[in-house]
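# A look at the structure
What follows is each chain in one-letter form.
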Amino acid sequence: MVQIPNTPASAPPAQRSVPTSADVARLAGVSRATVSYVLNNTSAVRISEPTRRRVHEAAKELGYVPHAGARSLRAGHSRMVLMPAPAIPAGPLYSQFINELQWALSRLDYTVVQYGTLGLHGDEAARAWAELRPVAVLVPGQGLGPQGVAVLKRSGARAVVTLGPASVEGAHALLMEHAAVGRVAGRHLYERGRRRIGVVVPEEPGLEVYSAPRLDGVRQAVHGTDAVVTELPLAYEEEAAARLAARWGALGLDAVFAYNDEYAMLLMRALQDEGVRIPEDTAMIGADDLMLGRLLRPRLSTVHIELPSGRELAELVDRAVRDPGTAPERHEVLGAAVVHRDSS
């Protein structure tokens, strides 16, 4: 039996005090007001560049950062822009847009916070967002109603911006008409002489907000012609693509719009494994214009989608925050153009 000696517990390390703006002012040799002007990027007061450098160096040396809550109380609002995380898989194109938006908002001295809303929908989600007291909320997709907008504004949100197919009363709207993506894809395939056109519709929940308008867009493009459009439900799985490819001959299709480039790549590989020649037997087009599509053989035709620039959206948010009484703006922001390559 081994005895463990009873040694006295060591004293916990002394906790260091949190540095304050007064500490920064003493180290930099300036007033607390100057520290506040410099660290809050106040443009109304002229501060020399050497003084700004001294303040920033002192703050860095002490590990001081401004208190967001105190700054919000002084300003009468926060600088937090809340962006609910999308409830559906976000592709590379959307992720690139979000990164650009976050950078542009940070340049305007806003902090973007992404909020996970799994299980929360519509006005219930709006109440959860309101608890954080954001100065602006950017809502992707649909589901938010006028009552949710009102809840957010009563909690102090100066701007509510929706990104989706329809506008919401009281909110600024960036309208994205995804039927345009299907229209240009369907028109391209018809002009290439294809008359039996399949349209991949993802089975993943939530994507119908994009896939249904794209399917309608293809139908609009060939309406009144001799072309026939066939809906093709497809899960994003190799096995599902293989099952669809195995019955391709029975479907009698000579073209397919595959919803986006990722589903196009999935289906193209499955069709090639079944001996279907692309584009000789079946022409194919995707959407999003991803780099990987250019590396396929044959190279993938696609629809290039033009999203709003993050800088333009950041400027809209900033305008609304500065003047919350202005009438909501509505902008149609989604552009679509075919990039013709080898697969069609």
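Above this note sits the structure.
An account of the accompanying structure is given in this report.

Cut-off values and rules
Residues numbered from 1 in each chain as written. Predicted model: local features only at pLDDT ≥ 70, side-chain atom pairs only at ≥ 80, totals over all residues. Heavy atoms only, no water. Helix = DSSP H or I, 4+ residues; strand = E, 2+ residues; numbered from the N terminus. Buried < 20%, exposed > 50% of the residue type's maximum accessible area, 1.4 Å probe, protein only. Contact = heavy atoms within 4.5 Å. Areas by Shrake-Rupley, 256 points an atom, 1.4 Å probe, with all protein chains shown as cover. Salt bridge = Lys/Arg side-chain N within 4 Å of Asp/Glu carboxyl O. Pairing = 2+ DSSP bridges. Axes fitted to C-alpha atoms, helices over the stretch in contact; angles between N-to-C directions. Arc of directions from axis to C-beta.

## Regarding the overall build of the chain
Assigned secondary structure in the chain consists of 14 helices and 12 strands. Burial status across the chain gives 44% buried among its 344 residues. Put simply, 71% of the contacts in the chain that link residues at least 6 apart link residues at least 24 apart. Counting every atom, the chain has about 18,600 Å² of accessible surface; 51% of that belongs to carbon and sulfur.

## Structural notes on the pattern of salt bridges
Using the criterion set out here, one finds 12 salt bridges in the structure. Note that Glu177 is salt-bridged to Arg183, the shortest N-O span being 3.1 Å. Glu177 sits in the partly exposed class, given a relative accessible area of 43%. A salt bridge links Arg269 to Asp273; its shortest N-O distance comes to 3.4 Å. Placement of both Arg269 and Asp273 in helix 12 (residues 261-273) is noted, with a separation of four residues, approximately one turn of the helix.

## A word on the sheet that holds strand 4 (residues 159-164)
Picture the strands of a sheet paired through backbone hydrogen bonds; they go either parallel or antiparallel. Pairing is parallel in the open sheet, where six strands are placed in the order 2-1-3-4-5-11. The open sheet has two edge strands, strand 2 (111-115) and strand 11 (330-332), and neither has a second partner. Taking the axes of each pair of neighbouring strands and ignoring which way they run, one obtains an average angle of 15° across the sheet. With two bridges connecting them, strand 1 (residues 80-84) and strand 3 (residues 136-140) associate as parallel partners. Within the sheet, the bridge partner assigned to Val81 lies in strand 3 and is Ala136. Each of strand 1, strand 3, strand 4 and strand 5 (172-175) touches helix 14 (residues 310-322); the most contacted strand, strand 4, lies at about 150° to it.

## Looking at helix 10 (residues 238-246)
By the burial criterion, the buried members of helix 10 are Ala240, Ala241, Leu244 and Ala245. Buried residues of helix 10 fall within an arc of 135° about the axis and therefore sit on the same side. Pointing more than 90 degrees away from the buried face of helix 10 are the exposed residues Glu238, Glu239, Arg243 and Ala246. Of the surrounding elements, those touching the buried residues of helix 10 are strand 7 (228-234), helix 11 (248-251) and helix 12.

## Quick look at the environment of Ser211
Here Ser211 lies in helix 9 (residues 208-222). Of the residues examined, Ser211 reaches a relative accessible area of 4% and is grouped as buried. As a C-alpha pair, Ser211 and Ala179 span 32 residues in sequence and 8.7 Å in three-dimensional space. Other than its neighbours up to four places away in sequence, Ser211 contacts Val201, Pro202 and Tyr259.

## What about the pairing of strand 5?
Of the two faces of strand 5, both are covered, the one formed by His172 and Leu174 as well as the one formed by Ala173 and Leu175. The pairing of strand 5 with strand 11 spans three bridges and is classified as parallel. The residue bridging Ala173 from the neighbouring strand is Arg330, located in strand 11.

## A look at the sheet that holds strand 9 (residues 283-285)
The strand order across the open sheet formed by four strands is 7-6-8-9, and the pairing between neighbours is parallel. The open sheet has two edge strands with one neighbour each: strand 7 and strand 9. Sheet twist, expressed as the mean angle between neighbouring strand axes with direction ignored, is 20°. Relative to strand 8 (residues 255-257), strand 6 (residues 196-202) runs parallel, the two sharing three bridges. Residue pairing in the sheet places Ile197 in a bridge with Ala255 of strand 8.

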